[in-house]
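Architecture and fold: a report
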Amino acid sequence: MKGRIRIAAAAALATASPIFVAAAHAADPSADTQPGFVPDTGQINPGHAAQPWSNAPALPQSQQPAQEDARAALMVPDNGAPSAGQGAGQGTGQETGQETAQGAGQTADQAAAQGTPPAPNSGGQSGSASASNGAATSAGPPEPIGATIQTMPAKFSQRNDLLDHMPVMAWPLPLNAQQRQQIYQAVMADKSPPAADTAKLKPASSLPFEQRGDMHPLPESLTAIDGLQGLKYVKAKDKVLLVRPSTAIVVDEVTM
């Protein structure tokens, strides 16, 4: 008898469950009207379902982005404008400027040499090309509201995705082409012989103990260049290695 009562109660509960679920769903319509909403956390509702963040582990040195590509990415103009949450590539206006400048064959160095850095959302392209580019990118998911060029997730930013594939220690200094040429010529004008065994030294490398004696103070003519203060150099046959003497870490290399 007790077994029959239990079976009947279980059947009644199973029948009533959809009703309770439907009532609960009706009481909380946010699942349909507010995708991505997480109550009681204080988190801003992004307006779309959560998506996985990009995983961009640093690649082996042989597969990392080129040093000058990373330098150009670091030198993309940053006006600090936050994203308004439009489609991918539209938020700050700066990523679009970078991508269109690359499409037009213009790097940050070339723009600086001409005295006209690429303006956001222009990139030197025609109005129709910019419009078609905007139409193509607006189809993507909305960017995080308030994100800047520095904080934009890599899945929305070619610039940040490129930099995420390099160790931070290997990021180059923001030196334009004229400054790098000035550094190279000033160091190579020194008649001292180049240091030995420098072929394998790259940014983020540590100088072997026996090579630390090859570090020299930078020429006086370079002291006015921002970012070089406190650095020394190691002269190689075809490049100049900029080194932080306190750690003996190579922070940049300058070639011609």
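Remember, predicted model here, so these are calculated numbers, not experimental data.

When helices and strands are tallied, the protein chain shows eight helices and four strands. For the protein chain, the N- to C-terminal ordering of α and β elements is α-α-α-α-α-α-α-α-β-β-β-β. Within the span of the protein chain, comprising 256 residues, buried residues form 33% of the whole. Approximately 14,900 Å² of the protein chain is accessible, and the part contributed by carbon and sulfur atoms is 59%.

Below, the discussion takes up the nonpolar core. Formed by 15 residues in total, the largest nonpolar core has its most connected members in Ile183, Leu228, Val240 and Leu242. Among the elements of the structure, helix H8 (177-188), strand E3 (240-244) and strand E4 (249-254) are those that each provide at least two residues to this core. For Leu228, the contacting residues outside a window of four places in its chain are Leu173, Leu175, Ile183, Leu218, Leu222 and Leu242. Membership of the second largest hydrophobic core comes to nine residues, among which are Ala195, Leu201, Val234 and Ala248.

So, about unusual backbone geometry. For Asp197, which is not glycine, the phi torsion reads 55° and is therefore positive. In this structure, Asp197 sits in the loop between H8 and strand E1 (216-217).

Before going further, it helps to examine the pattern of salt bridges. Evaluation of the coordinates by the stated rule reveals four salt bridges. A salt bridge links Glu68 to Arg71, with the nearest nitrogen and oxygen atoms 2.9 Å apart. Here Arg71 and Glu68 lie together in helix H3 (residues 67-74), a separation of three residues that amounts to about one turn. With relative accessibility at 34%, the residue Glu68 sits in the partly exposed group. Note on Arg71: relative accessible area 1%, which makes it buried. Between Asp252 and Arg71 there is a salt bridge, with the nearest N and O atoms lying 2.9 Å from each other.

Restricting attention to buried positions, one finds in H3 the residues Gln67, Ala70, Arg71 and Ala73. Buried residues of H3 fall within an arc of 160° about the axis and therefore sit on the same side.

For the rest of this paragraph, the subject is the confidence of the model for the protein chain. For the protein chain, per-residue confidence averages 73 on the pLDDT scale, and 59% of positions sit at 70 or higher. Between residues 16-22, whose pLDDT stays under 50, and residues either more than four places distant or in other chains, the model counts zero contacts. In this model, residues 89-138 is a region of pLDDT below 50 whose contacts with residues beyond four sequence positions or in other chains number 79 contacts.

Moving on to the side chain of Gln211. Note that Gln211 resides in the loop between H8 and E1. Only 2.5 Å separates the side chain of Gln211 from the backbone oxygen of Ala196, close enough to count as a polar contact. Sequence-distant contacts of Gln211, that is, excluding residues within four places in its chain, are made with Ala196, Asp197, Thr198 and Leu201.

Our next topic: the environment of Val234. Within the element layout of this structure, Val234 appears in strand E2 (residues 232-235). Sequence separation between Val234 and Thr198 is 36 residues; the distance between their C-alpha atoms is 8.8 Å. Residues contacting Val234, with those up to four places away along its chain left out, are Ala195, Thr198, Leu207, Asp214, Met215, Lys239, Val240, Leu241 and Val243.

Procedures and definitions
Residues numbered from 1 in each chain as written. Predicted model: local features only at pLDDT ≥ 70, side-chain atom pairs only at ≥ 80, totals over all residues. Heavy atoms only, no water. Helix = DSSP H or I, 4+ residues; strand = E, 2+ residues; numbered from the N terminus. Buried < 20%, exposed > 50% of the residue type's maximum accessible area, 1.4 Å probe, protein only. Areas by Shrake-Rupley, 256 points an atom, 1.4 Å probe, with all protein chains shown as cover. Core = buried A, V, L, I, M, F, W, Y, C linked by side-chain atoms within 4.5 Å. Contact = heavy atoms within 4.5 Å. Salt bridge = Lys/Arg side-chain N within 4 Å of Asp/Glu carboxyl O. Arc of directions from axis to C-beta. pLDDT = per-residue confidence, 0-100. Polar contact = N/O pair within 3.5 Å; in protein donor to acceptor, adjacent residues only side chain to side chain.

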